[in-house]
Number of protein chains: 2
Amino acid sequence: MKKIAAIGTGNIGKAVAKAIELSPDMELLGFIRRKEEKVRGFENIPAVRRISDLPEKPDGAIICLPSRLVKEAEEELLKNGIYTADAFDIHEELLPLRQRLSAAAKMGKVSAVIGAGWDPGLDSVIRTLMLAALPQGITYTNFGPGTSMGHSAAIRQIPGICDAVSFTLPQGFGKHSRKIYAVLKKDADKNAVEHAILNDEYFEHDECSVEFVESTLPFCCTGHSAEIFRGGNICGTGGNRLSFGLCGDNPAFTAQLLVGAMRAAFLQKPGAYFMPEIPPCDFCSEGWEKTL
Amino acid sequence: MKKIAAIGTGNIGKAVAKAIELSPDMELLGFIRRKEEKVRGFENIPAVRRISDLPEKPDGAIICLPSRLVKEAEEELLKNGIYTADAFDIHEELLPLRQRLSAAAKMGKVSAVIGAGWDPGLDSVIRTLMLAALPQGITYTNFGPGTSMGHSAAIRQIPGICDAVSFTLPQGFGKHSRKIYAVLKKDADKNAVEHAILNDEYFEHDECSVEFVESTLPFCCTGHSAEIFRGGNICGTGGNRLSFGLCGDNPAFTAQLLVGAMRAAFLQKPGAYFMPEIPPCDFCSEGWEKTL
């Protein structure tokens, strides 16, 4: 039974706690959060400010922080000999992140499975398999309509923002627009905040529209979906197609994949890995042989 | 550049030859077949009866034989220090096959990737990933309508049969019926042959109908398709669904997956592996990082 710490107590942190409760091979040792205060719904679980404040040293830690806060937190854990999993989602920064965390993991003689949500993560594995099965071809990934956790969290980090929800609206063939519902802090400069959102690296590539609202509550739906399509030629034959679809609760899927990634981390040689570099059976607690 | 032998020259053997031609990291050293005679369409490739008759020892061999002929052929190759890949498709015999081939592989200090077509194979990987992402749930795999290579090859092994094609007809929720077009050998006993087909382990579990025809030519379509669905609960949330679809040329997909499995075999520690036990990136010749 592996002892796990959840770093962060947002949507993902709470969903990770539930996923661990339902896992036969893990137990939740505690939450790490900024204020030393019990987490609503998990009053029996310790919630502390530092790993060293937990009742004992955890075997692993699941990083449930906004992507920009992942690097330093995870690097420290790895150097300290704690296995990790994260759902870092800034696609362009994945390769440098691996390099940095791989060095830390080798120093601590442990492993990290990184970028392990559903995209990047599960979808990356699917796209890798599609590339293997259909090496000549074209892949499209369409998201939504649904709530992006990563984009919503990124807006909440912007000064002047109190709360925000970002919806992803598929325009077809891999293009997306985004609708953002944001609550301003008192005295915040509306124009400056809107400019900061639209120029953030999470948003600058897409058509986005921002609406300032009194509360995000009417927009707090956690459902999301994705479709991946690949068509191409193999061995001189055309008309070959592969497709993958996912729909469901976004934090729940992310949390379950993080728990699978955490499980897999314990089985790898020291280093940092992306999900396509891990044997898929390593993500399962049991029963994968029945899928043969 | 790895040097590969194709064992067998049927639909799969020929498709494997084409897939290797299009692979940047492999070359086809030759075919192994019963009669020492050039393969139509591949007149520039040696076709010999024994591995030792090839111009040099191959690094790897892709087994393109009907499943029942796989074991012994592959065991010999592995003991002889040649890496292998097969698309063995009798689901119930997969675990004993691994045990047997794993021993041979360790003896020869090489590896085998087995059951590596599209089902078992790619579909097994997808089902494993679905289990990891959605541990509480239900999975259905539906095949067809389309031509089953394994079932067609199995019938062609039955005495009294000259040629045969077996169509898989999906009845929904994992149930299938089969329509068989078979050409009898002169003087064969029609009833005895039909009885042998219907009681074969490939067919005994499904509703099957056999039609004896003059020629299989009007029925020789190589297209096939599959759909996998999994729905379930995660972290206490319902309404979560995953789906996967494949449609295309059956021998071409099988061959391309076999070539990926062969590539992956070279990267594993001595032993025999199923596709869900292999890092998906190992199946690709290049470019998988772009899928992140």
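Scroll up to find the structure this text is about.
Residues numbered from 1 in each chain as written. Chains lettered and ligands numbered in written order. Predicted model: local features only at pLDDT ≥ 70, side-chain atom pairs only at ≥ 80, totals over all residues. Heavy atoms only, no water.

A. View of the overall build of chain A. A tally of helices and strands in chain A yields seven helices and 14 strands. Its C-alpha atoms give chain A a radius of gyration of 20 Å, within 12% of the compact-globule value 19 Å for 292 residues. Over its C-alpha atoms, taken along the principal directions, chain A stretches across nearly 60 × 50 × 30 Å. Counting over 292 residues, chain A shows a buried share of 59%. For chain A, long-range pairs separated by at least 24 residues make up 65% of all intrachain contacts whose partners lie at least 6 apart in sequence. As displayed, chain A offers around 12600 Å² of accessible surface, 49% of which is attributable to carbon and sulfur atoms. Side-chain charges in chain A split into 32 positive and 36 negative, and the spacing between the mean points of these groups amounts to 3 Å. (Helix = DSSP H or I, 4+ residues; strand = E, 2+ residues; numbered from the N terminus. Rg over C-alpha atoms; globule rule 2.2 N^0.38 Å. Buried < 20%, exposed > 50% of the residue type's maximum accessible area, 1.4 Å probe, protein only. Contact = heavy atoms within 4.5 Å. Areas by Shrake-Rupley, 256 points an atom, 1.4 Å probe, with all protein chains shown as cover. Lys, Arg positive; Asp, Glu negative; His and termini not counted. Charge placed at Lys NZ, Arg CZ, Asp CG, Glu CD.)

B. Up close: helix α2 (residues 70–79) of chain A. All names here are of chain A. What α2 keeps buried is the set Val70, Glu74, Glu75, Leu77 and Leu78. Projection of α2 onto a plane perpendicular to its axis shows the buried side chains occupying an angular sector of 165°, all on one side. Turned more than 90 degrees off the buried face of α2, the exposed positions are Glu72 and Glu76. Its buried side turned inward, α2 meets β1 (2–7), β4 (60–63), β5 (83–86), α3 (94–108) and β6 (111–114). (Arc of directions from axis to C-beta.)

C. Spatial organisation of the sheet that holds strand β6 (residues 111–114) of chain B. All names here are of chain B. With respect to topology, seven strands assemble into an open sheet ordered β3-β2-β1-β4-β5-β6-β14, the strand pairing being parallel. Strands with a single pairing partner mark the edges of an open sheet, and in this sheet they are β3 (47–48) and β14 (271–274). As paired elements, strand β1 (residues 2–7) and strand β4 (residues 60–63) share four bridges and run parallel to each other. Paired with Ala6 across the bridge in β4 is Ile62. Each of β1, β4, β5 (83–86) and β6 touches helix α2 (residues 70–79); the most contacted strand, β5, lies at about 160° to it. Lying over the sheet, helix α3 (residues 94–108) contacts β5, β6 and β14, oriented at roughly 145° with respect to β14. (Pairing = 2+ DSSP bridges. Axes fitted to C-alpha atoms, helices over the stretch in contact; angles between N-to-C directions.)

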